[in-house]
Amino acid sequence: MRVLISLVMVVLMASFAFAKVPITDTVDMDFNMRPRLIVDNRDFNADTGWADDGDLRTMIGISVSPNEDLFVRIRLRESRGLGDQGTLAGPTAEFEAQEAYAKLKDVFGRPMTFTVGRFEYEHGRGRIVGATGWSTFGPRNYDGIHIGFKPSFGHIGFAVLRADEKGPVDYNIVIVDGCFLDGAFKPLFVAELDNEDYGAEDLNRRYTMGFFYHRGIGESLSIVMDAAYQMGAMMDIDVASYMI
């Protein structure tokens, strides 16, 4: 019965997973609630019963488009464990800015976009940069700038992002991305520049080159492919790896 009630709660809560509400012609609001319930009985002992746990992620966003060339986005996020009063202490249960950026289009009258602030970034299927869309704390976000160019043959982007994570205080990511062949081919170059001095002979540097490819063949077959090669050095150890 306990498991049944938990499953019913998940179904009911999932019905409120996402909603977008237009406020005016230039302002939209969106709500995103993502409950997750974990039911566990892996000890192979029928006398111990089931154990369950869960968490809840809530996001509230506001998008403002005062004109065709300007887009402003703010989205607040709060995450907590279900029923765990300990999560009421910051920073877990405080609202944080998941996104807070401005995007300009047709910069200087050219087919360019300029984005600055904190924004989500994902390329292809997110295997190299991005991903974690279903994590408790939401999709991956970065602080930085992104400049996009739209020539007649596709799209080219350039980004400089800040990524301070659990220790490093001077960690930057430089990205060059592209989108060609009507979105079928998306190349990517990523340079991870960790300028923190760990006492190693060289600073940590990783460079990743790859692409995402998706193309349909007929009406019932498609090819989806990710490929990448990474090189550089981490703590004086050479990096040389690939993924297909």
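Conventions used here
The residue numbers shown here count from 1 along each chain, following its written sequence. pLDDT decides what is reported in this predicted model: residues at 70 or higher carry local features, side-chain atom pairs at 80 or more are listed and counted, and totals for whole chains, interfaces and linings draw on all residues regardless. For the side-chain quantities, the full set of heavy atoms in the structure was used; hydrogens and water were omitted. Strands here mean DSSP runs of E at least two residues long; helices mean DSSP runs of H or I at least four residues long; both are numbered from the N terminus. Exposure categories follow from relative accessible area, calculated using a 1.4 Å probe and restricted to protein chains: below 20% of the type maximum is buried, above 50% is exposed, and the middle band is partly exposed. In what follows, a contact means two residues having at least one pair of non-hydrogen atoms within 4.5 Å. Accessibility throughout is a Shrake-Rupley quantity obtained with a 1.4 Å probe, and a residue counts as covered only by protein chains that appear here. Pairing between strands is defined by DSSP: at least two bridges between the two strands are required. Aromatic pairing here means that ring centres of Phe, Tyr or Trp (its six-membered ring) are within 6.5 Å. Orientation follows from the plane angle: under 30 degrees is stacked, over 60 is edge-to-face, and everything else is tilted.

Engineer: Hey, could you run me through the overall build of the protein in this one?
Structural biologist: Helices and strands together make up the secondary structure of the protein, namely one helix and 13 strands. Ordered by position in the sequence, the α and β elements of the protein form the string α-β-β-β-β-β-β-β-β-β-β-β-β-β. By the burial criterion, 29% of the 244 residues in the protein qualify as buried. Pairs at least 24 apart in sequence give 38% of the contacts found in the protein among residues at least 6 apart. Summed over its atoms, the accessible surface of the protein is roughly 15,400 Å², and 60% of this surface lies on carbon and sulfur atoms.

Engineer: How do you make sense of the pairing of strand S11 (residues 204-217) when you look at a structure like this?
Structural biologist: Look at any regular strand and the pattern is simple: side chains alternate between the two faces of the sheet. Relative to S11, strand S10 (residues 185-194) is paired through 10 bridges, and the arrangement is antiparallel. Bridge pairing in S11 links proline 187 to phenylalanine 211. Across 13 bridges, S11 lies against strand S12 (residues 221-234) in antiparallel orientation. Bridging across to S12, tyrosine 213 finds its partner in methionine 225.

Engineer: Looking at this structure, I do not really get the packing of aromatic side chains. What am I missing?
Structural biologist: The relative placement of two aromatic rings is captured by the distance of their centres and the angle of their planes. For the structure shown, the criterion picks out four aromatic pairs. With a centroid separation of 6.2 Å and 45 degrees between ring planes, the pair formed by phenylalanine 71 and tyrosine 101 is classed as tilted. A residue pair is termed long-range when its members are at least 10 positions apart, and phenylalanine 71 in strand S4 (residues 70-81) and tyrosine 101 in strand S5 (residues 96-105) qualify at 30 residues. For phenylalanine 71, a relative accessible area of 23% gives the class partly exposed. Ring plane angle 20 degrees and centroid distance 6.0 Å describe the contact between phenylalanine 153 and phenylalanine 180, whose orientation is recorded as stacked. One end of the pair, phenylalanine 153, is in the loop between strand S7 (141-149) and strand S8 (154-162); the other, phenylalanine 180, is in strand S9 (residues 171-180), with 27 residues separating them in the sequence. Its relative accessible area of 52% is what places phenylalanine 153 among the exposed residues. We classify phenylalanine 180 as buried; its relative accessible area is 19%. Among the aromatic residues, those joined into a ring-pair cluster are Phe71, Tyr101 and Phe119.

None of the figures reported here should be taken as evidence of function without further support.
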